[in-house]
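What follows is the residue order along each chain.
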Amino acid sequence: MKPLTEQEIRSAFVNCTKGEAKRLSVPRDLADRPWDDLDYLGWRDPQAYDRAYLVTTLDDRPTALALRCPTPASWQTPRGMCSLCLTSHTGGVSLMVAPKAGKARQRGNSVGTYICGDLACSLYVRGKKDAGAGARLHESLTVEEKVERMVANVAAFLAKVAA
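Quick look at the structure, then. (Residues numbered from 1 in each chain as written. Predicted model: local features only at pLDDT ≥ 70, side-chain atom pairs only at ≥ 80, totals over all residues. Heavy atoms only, no water.)

**Description of the overall build of the protein**
The condition that has to hold: Runs of E in the DSSP output that reach at least two residues are strands. Runs of H or I that reach at least four are helices, and both are numbered from the N terminus. Burial status follows relative accessibility: with a 1.4 Å probe on protein chains alone, a residue under 20% of its type maximum counts as buried, one over 50% as exposed, and anything between as partly exposed. Residue contacts are counted whenever heavy atoms from the two residues lie within 4.5 Å of one another. Using the Shrake-Rupley algorithm and a 1.4 Å probe, accessible areas are obtained, with residue cover drawn only from the displayed protein chains. His is not counted, nor are the chain ends; Lys and Arg add positive charge and Asp and Glu add negative charge. All charge positions are set by atom: Lys at NZ, Arg at CZ, Asp at CG, Glu at CD.
A tally of regular secondary structure across the protein gives five helices and seven strands. The order of α-helices and β-strands along the protein, N terminus first, is α-α-β-β-β-β-β-β-α-β-α-α. By its C-alpha atoms, the protein is 45 × 40 × 30 Å across when sized along the principal axes. When burial is assessed residue by residue, the protein has 42% of its 163 residues classed as buried. Of all intrachain contacts in the protein linking residues separated by at least 6 positions in sequence, the fraction that spans at least 24 positions is 56%. Of the roughly 9100 Å² that the protein leaves accessible, carbon and sulfur atoms contribute 51%. On the protein, the mean spot of the 23 positive side-chain charges and the mean spot of the 18 negative ones are 9 Å from each other.

This is the structure in structure tokens:
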């Protein structure tokens, strides 16, 4: 992924207003991110941990989503699998819900999926971050094929939000 500026990120949101995009917290360490290893930029809001953001490039343009992360009930199973990168975590996967774009957003419609709680899918797929024993299923796919699958999963989620 090519490095993005704060302004590029703020103007890329498809499922929130310009005012909301202007007020949200953008990471201060953009220059220090491992851009070459990222297929999307994801982060949790440090002031409101139930909010997360995801930015990727679609059709050579940055596209961003605002996400909500409901707190799981204490009885829910803590082990889960990320729908984007297929990494399994104990307590490290969150249901992230995105308001749909356009008129569907105004009607209160949303789409959800399970994503690594730290939004570091790109690093898990490449083996640059370890989620612990048993986190990655043995597959015959190459790293490049796993990356392609994850990118397709991210694009499919974005398409559901934008639909």
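**A few points about the side chain of Ser94**
Within the fold, Ser94 resides in strand β6 (residues 93–99). Setting aside residues up to four positions removed in sequence, Ser94 forms contacts with Arg44, Thr113, Tyr114, Ile115 and Gly117.

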